[in-house]
Amino acid sequence: DETHLRHRFVQAYELAHVMMGHVEDTDGAYRRDVSFGRSGSIEEVQCMEFVFALLMPEDHIRHMVQTITNIKTLASHYGVAPITVRNRLKSLGLL
């Protein structure tokens, strides 16, 4: 279900922000970015790379695309939306 896939992505994305220390401003206040990588800031790019590596590890997906070329099948395998697989493959230069 699309909602489950979105929640999984958002959880990984938010975890990335926490793990990278992006959630606290210099004044100690907590902040939250909801652009999900669309802003193009270095923090957002880092978070997207974290999400890709967490949900679709590079070595594994490179191996998988040798036998599975259908984006929807790959998305189902990784439990992500097809657009997420497409973006991961683009980031690896495989699309």
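Reference entry: report on the structure contained in this document. All figures in this text were calculated on a predicted structure; none of them were measured in a lab. Each chain has its residues counted from 1, following the order in which its sequence is written. The predicted origin of the model limits local features to residues at a pLDDT of at least 70 and limits the giving and counting of side-chain atom pairs to 80 or more, whereas totals for whole chains, interfaces and linings rest on all residues. Neither water nor hydrogens contribute to the side-chain values; these are computed over all heavy atoms in the structure.

**Topic: the pattern of salt bridges**
Put simply, the test is: By definition, a salt bridge exists where a carboxyl oxygen of Asp or Glu is found within 4 Å of a side-chain nitrogen of Lys or Arg. In this text, helices come from DSSP runs of H or I with a minimum length of four residues, and strands from runs of E with a minimum of two, each type numbered from the N-terminal end. The rule is simple: take the accessible area with a 1.4 Å probe, protein chains only, and divide by the maximum for that residue type; under 20% is buried, over 50% is exposed, in between is partly exposed.
Counted by the stated rule, this structure contains 2 salt bridges. Between Glu49 and Arg88 there is a salt bridge, and its shortest N-O distance comes to 3.9 Å. Here Arg88 lies in helix α5 (residues 82–91) and Glu49 lies in helix α2 (residues 42–55), a separation of 39 residues in the sequence. A relative accessible area of 3% means that Arg88 is categorised as buried. As a salt-bridge pair, Glu58 and Arg62 come within 2.9 Å of each other at their nearest N and O atoms. One end of the pair, Glu58, and the other, Arg62, are both in helix α3 (residues 58–64), 4 residues apart, so they sit about a helical turn from each other.

**Re the packing of α2 against α5**
Rules: The convention used is that axes are lines fitted to C-alpha atoms, helices contributing only their stretch in contact, and that angles between N-to-C directions extend from 0 to 180 degrees. The scheme is simple: roughly parallel for angles under 35 degrees, roughly antiparallel for over 145, roughly perpendicular for 65 to 115, oblique for anything else. Whether two residues are in contact is decided by their heavy atoms: any pair within 4.5 Å suffices. When residue character is reported, Ala, Val, Leu, Ile, Met, Phe, Trp, Tyr, Cys and Pro are called nonpolar, Asp, Glu, Lys and Arg charged, and the others, Gly included, polar.
At a closest axis distance of 11 Å, the pairing of α2 and α5 adopts a crossing angle of 105 degrees. Relative to α5, the element α2 lies roughly perpendicular. For the pair α2 and α5, the contacting residues are Glu49, Phe52 and Ala53 in the first and Thr84, Asn87, Arg88 and Ser91 in the second. Its residues assigned to classes, the contact of α2 with α5 comprises 2 nonpolar, 3 polar and 2 charged.

**Topic: the packing of helix α1 (residues 2–19) against α2**
To keep it simple, the criterion reads: Note on convention: near helix rotated counterclockwise from far helix by under a right angle means a left-handed crossing. Clockwise means right-handed.
Taken N-terminus to C-terminus, the directions of α1 and α2 make an angle of 125 degrees; their axes are 9 Å apart at the nearest point. On the basis of their axis angle, the class for α1 and α2 is oblique. The way α1 lies across α2 gives a crossing that is right-handed. Across the interface between the two elements, Arg8, Phe9, Ala12, Tyr13, Leu15, Ala16, His17 and Met19 from α1 touch Glu44, Cys47, Met48, Phe50, Val51, Leu54 and Leu55 from α2. Looking at side-chain class alone, the contact of α1 with α2 contains 12 nonpolar, 1 polar and 2 charged residues.

**Some words on helix α4 (residues 71–78)**
The condition is simple: It is the directions from the helix axis to the C-beta atoms that the arc portrays.
Taken together, the buried positions of α4 are occupied by Ile71, Leu74, Ala75 and Tyr78. When α4 is viewed along its axis, its buried side chains cluster within an angular range of 100 degrees and face the same direction. Residues of α4 that are exposed and angled more than 90 degrees away from the buried face: Lys72 and Ser76. Remark: Gly79 follows α4 within two positions and exhibits a positive phi of approximately 70 degrees.

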